[in-house]
Amino acid sequence: MVARSRPQSPLARYRRPFTWGAIAVLLALPAIAMQFTHEVAWGSEDFAFAALLLVGAGLIYELAVWKLLTARARWVAGAVIVLAVLVIWADAAVGLF
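Below is a summary of the structure that appears in this document. (Residues numbered from 1 in each chain as written. Predicted model: local features only at pLDDT ≥ 70, side-chain atom pairs only at ≥ 80, totals over all residues. Heavy atoms only, no water.)

### What to know about the packing of helix 1 (residues 15–34) against helix 2 (residues 44–67)
Step number 1: In the contact formed by helix 1 and helix 2, the axes pass within 11 Å of each other and the chain directions differ by 170 degrees. Relative to helix 2, helix 1 is oriented roughly antiparallel. Seen from helix 1, the contacting residues are Arg15, Arg16, Thr19, Trp20, Ile23, Leu26, Leu27, Pro30, Ala31 and Met34; seen from helix 2, they are Phe47, Ala50, Ala51, Leu54, Val55, Gly58, Leu59, Tyr61, Glu62 and Val65.
Step number 2: Its residues placed into classes, the contact of helix 1 with helix 2 shows 15 nonpolar, two polar and three charged. (Axes fitted to C-alpha atoms, helices over the stretch in contact; angles between N-to-C directions. Helix = DSSP H or I, 4+ residues; strand = E, 2+ residues; numbered from the N terminus. Parallel < 35°, antiparallel > 145°, perpendicular 65-115°, else oblique. Contact = heavy atoms within 4.5 Å. Nonpolar A, V, L, I, M, F, W, Y, C, P; charged D, E, K, R; others polar.)

### Some points on the packing of aromatic side chains
Step number 1: Taken as a whole and assessed by the stated rule, the structure comprises two aromatic pairs.
Step number 2: Looking at Lys67, its charged tip hangs above the ring of Trp66, at a distance of 4.4 Å from the centre. (Phe/Tyr/Trp six-rings, centres within 6.5 Å; stacked < 30°, edge-to-face > 60°. Lys NZ or Arg CZ within 6 Å of the ring centre and 35° of its normal.)

### Digging into the layout of surface pockets
Step number 1: Approximately 150 Å³ is the volume found for the second largest pocket.
Step number 2: What lines the second largest pocket is Ala41, Trp42, Asp46, Phe49, Ala50, Trp89, Ala92 and Ala93.
Step number 3: Broken down by secondary-structure element, the contributors of at least two residues to the lining of the second largest pocket are helix 2 and helix 3 (71–94).
Step number 4: For the lining of the second largest pocket, the residue count by class is seven nonpolar, no polar and one charged. (1 Å grid on protein atoms, 1.4 Å probe; cavity = no way out; pocket = protein on both sides within 12 Å on 5 of 7 lines; lining within 4 Å. Points joined across faces, edges and corners; volume = space filled by probe spheres on them.)

### Looking at the side chain of Glu62
Step number 1: Within the fold, Glu62 resides in helix 2.
Step number 2: Of the polar contacts made by the side chain of Glu62, one reaches the side chain of Trp20; its length is 3.0 Å.
Step number 3: Aside from chain neighbours lying at most four places away, what touches Glu62 is Arg16 and Trp20. (Polar contact = N/O pair within 3.5 Å; in protein donor to acceptor, adjacent residues only side chain to side chain.)

### Focus: the environment of Phe47
Step number 1: Its place among the elements puts Phe47 in helix 2.
Step number 2: Residues Phe47 and Leu27, spaced 20 residues apart in sequence, show a C-alpha to C-alpha distance of 7.3 Å.

### Section: helix 3
One turn of an α-helix holds 3.6 residues; hence residues three or four places apart share an orientation.
Step number 1: Under the 1.5 Å per step criterion, the end-to-end length of helix 3 is 35 Å for 24 residues, consistent within 8% with the ideal 34 Å.
Step number 2: Among the residues making up helix 3, those that are buried are Arg74, Ala77, Gly78, Ile81 and Val85.
Step number 3: Against helix 1 and helix 2 lie the buried residues of helix 3.
Step number 4: Directly after helix 3, the chain includes Gly95, whose backbone phi takes a positive value near 70 degrees. (Expected span 1.5 Å × (residues − 1). Buried < 20%, exposed > 50% of the residue type's maximum accessible area, 1.4 Å probe, protein only.)

### Focus on the packing of helix 2 against helix 3
Step number 1: Close contact between helix 2 and helix 3 brings their axes to 10 Å; oriented N to C, the two are set at 165 degrees. Accordingly, the angle class assigned to the pair helix 2 and helix 3 is roughly antiparallel. Crossing handedness for the pair helix 2 and helix 3: right-handed. Within the contact between the two elements, helix 2 uses Phe49, Ala50, Leu53, Leu54, Ala57, Ile60, Tyr61, Ala64 and Val65 and helix 3 uses Arg74, Ala77, Gly78, Ile81, Val85, Ile88, Trp89 and Ala92.
Step number 2: Across the contact of helix 2 with helix 3, the residue classes tally to 15 nonpolar, one polar and one charged. (Left-handed = near helix turned anticlockwise from the far one by under 90°.)

Okay, structure coming up:
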């Protein structure tokens, strides 16, 4: 079996910490906002849903980055995953569909 090697950009080593850091920040933002305003009122089920959605999307992105060879394919996969998360989040928030 021959291992596939691909050239790595200088920023490739920062992709994983940035991705998971962004997910952590997105999960922390509502908790922080709840300290300053009563308009954000998330319960534990809201945080559980957001965590499941964002961590699931992060894992799917990790799989896509691992399997896809070209940078263009990774960008497209990332864009599709972000779009899917936004549509699911909007539907859960206000019931668009």
